[in-house]
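A closer look at the structure
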Amino acid sequence: MKSIRIGVITASDRASAGIYEDISGVAIQDTMKAYLKSEHEIVYRCIPDEQTVIESTMIELCDREGCCLVVTTGGTGPAKRDVTPEATENVCEKMMPGFGELMRQVSLKYVPTAILSRQTAGIRGNSLIINLPGKPKSIRECLDAVFPAVPYCIDLIEGPYLECNEEVIKAFRPKQ
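Below: a short report on this structure. (Residues numbered from 1 in each chain as written. Predicted model: local features only at pLDDT ≥ 70, side-chain atom pairs only at ≥ 80, totals over all residues. Heavy atoms only, no water.)

Some words on the environment of Ala-121
The line we're drawing: Only DSSP runs of H or I covering at least 4 residues are called helices, and only runs of E covering at least 2 are called strands; the numbering of each starts at the N terminus. Contacts are assigned to residue pairs with any non-hydrogen atoms lying within 4.5 Å of each other.
When you line up the elements, Ala-121 lands in strand 5 (residues 121-124). Residues Ala-121 and Ile-47, spaced 74 residues apart in sequence, show a C-alpha to C-alpha distance of 19 Å. Aside from chain neighbours lying at most four places away, what touches Ala-121 is Met-95, Met-96, Phe-99, Leu-128, Ile-129 and Ile-130.

Thoughts on the environment of Pro-85
Structurally, Pro-85 is set in helix 4 (residues 84-91). On a C-alpha basis, the gap between Pro-85 and Gln-51 in space is 9.3 Å, while along the polypeptide they are 34 residues apart. Contact partners of Pro-85, with chain neighbours within four places excluded, come to Gly-75, Thr-76, Arg-118, Thr-120 and Asn-131.

A word on the packing of helix 3 (residues 51-64) against helix 4
Inclusion rule: Structural elements are reduced to axes, namely lines fitted to C-alpha atoms, with helices fitted over the stretch in contact, and the angle between N-to-C directions of any two is expressed from 0 to 180 degrees. When describing relative orientation, an angle under 35 degrees is termed roughly parallel and one over 145 degrees roughly antiparallel, while 65 to 115 degrees is termed roughly perpendicular and anything else oblique. Definitions for this section: a left-handed crossing has its near helix turned counterclockwise from the far helix by less than a right angle. A right-handed crossing has that turn clockwise. Each residue gets one label: Ala, Val, Leu, Ile, Met, Phe, Trp, Tyr, Cys and Pro are nonpolar, Asp, Glu, Lys and Arg are charged, and the others, such as Gly, are polar.
It is the contact of helix 3 with helix 4, at a shortest axis distance of 9 Å, that shows an interaxial angle of 45°. The angle between helix 3 and helix 4 falls in the class oblique. Crossing angle aside, the handedness with which helix 3 passes helix 4 is right-handed. Residues Gln-51, Ile-54, Glu-55, Met-58 and Ile-59 of helix 3 touch helix 4, and the partners they reach there are Thr-84, Glu-86, Ala-87, Thr-88, Asn-90 and Val-91. Tallied by class, the residues present in the contact of helix 3 with helix 4 amount to five nonpolar, four polar and two charged.

Quick word on the nonpolar core
For soluble globular proteins, the rule of thumb is that nonpolar side chains tend to be buried together. The test is simple: To qualify as a nonpolar core, a set must consist of buried Ala, Val, Leu, Ile, Met, Phe, Trp, Tyr and Cys residues joined through side-chain atoms within 4.5 Å. Type-normalised accessible area, obtained with a 1.4 Å probe on protein chains alone, sets the label of each residue: buried when under 20%, exposed when over 50%, and partly exposed for intermediate values.
Counting 30 residues, the largest nonpolar core has Met-32, Leu-69, Leu-128, Ile-130, Leu-132, Phe-147 and Val-150 as its most contacted members. Only strand 1 (5-11), helix 2 (23-35), strand 3 (69-73), helix 5 (97-108), strand 5, strand 6 (127-132), helix 6 (136-146) and helix 7 (150-156) provide two or more residues apiece to this core. The residues contacting Ile-130, other than those within four sequence positions of it, are Leu-69, Val-70, Val-71, Thr-72, Phe-99, Met-103, Thr-120, Ala-121 and Val-150. By size, the runner-up hydrophobic cluster in this structure holds 15 residues, among which are Ile-54, Met-58, Val-83 and Val-91.

Observations regarding the packing of aromatic side chains
Cut-off, in case you're wondering: To pair, rings of Phe, Tyr and Trp, with the six-membered ring standing in for Trp, must have centres within 6.5 Å; the planes then decide the type, stacked if under 30 degrees apart, edge-to-face if over 60, and tilted in the middle. Whether a charge lies above a ring is judged from NZ of Lys or CZ of Arg, which has to be within 6 Å of the ring centre and within 35 degrees of the ring normal.
Considering all chains together, one arrives at one aromatic pair under this definition. An angle of 45° between the planes, with centres 4.7 Å apart, marks the rings of Tyr-35 and Phe-147 as tilted. Of this pair, Tyr-35 sits in helix 2 while Phe-147 sits in the loop between helix 6 and helix 7, placing them 112 residues apart in sequence. Exposure class is identical for Tyr-35 and Phe-147. Each is buried. The lysine or arginine in question, Lys-137, covers the ring of Tyr-110, its NZ or CZ lying 4.6 Å from the ring centre.

What about helix 2?
How we decide: What a helix should span is 1.5 Å times the count of its residues minus one.
A rise of 1.5 Å per residue sets the reference length of helix 2, with its 13 residues, at 18 Å; its end C-alpha atoms lie 18 Å apart and thus fit the reference within 8%. What helix 2 keeps buried is the set Ser-24, Gly-25, Ala-27, Ile-28, Gln-29, Thr-31, Met-32 and Tyr-35. Taken together, the buried residues of helix 2 touch strand 1, strand 2 (41-47), strand 3, strand 6 and helix 6.

If you want it as structure tokens, here you go:
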């Protein structure tokens, strides 16, 4: 059985410079601990909002660290420095636009500015990359919406079998 590794990338100039604490990256890690019953290891990176750095970090976590899932936070808005979706598109073989569509739909229930969010997802080899917004509350709302499809997506790209804590979140897998 493959060991399960999950990458967490925070793209933030200020957090990577130590100006403030990376609460968003911690929120993703806490959510993964709550969701997953499977033993797993988190591979964490806090990096600046530089497209080349984001791309090389995604490649490192997918190709060299063997993460079946890479979850990013930050860099999904319309500001000039927000380039996480572009980095994701550059490193992925297949884009999975349904993830971003659902996350925006869910976020619109809470804030009208959700239409400004450009989060997306894609496949690189045997890895699923998902871009999340930067606020911890939004991270959980978005993950609650899309995560039921994540284990089956990882099955389809020949990643490890992810077992969820069904008291927290239920994964959907079609009946065989």
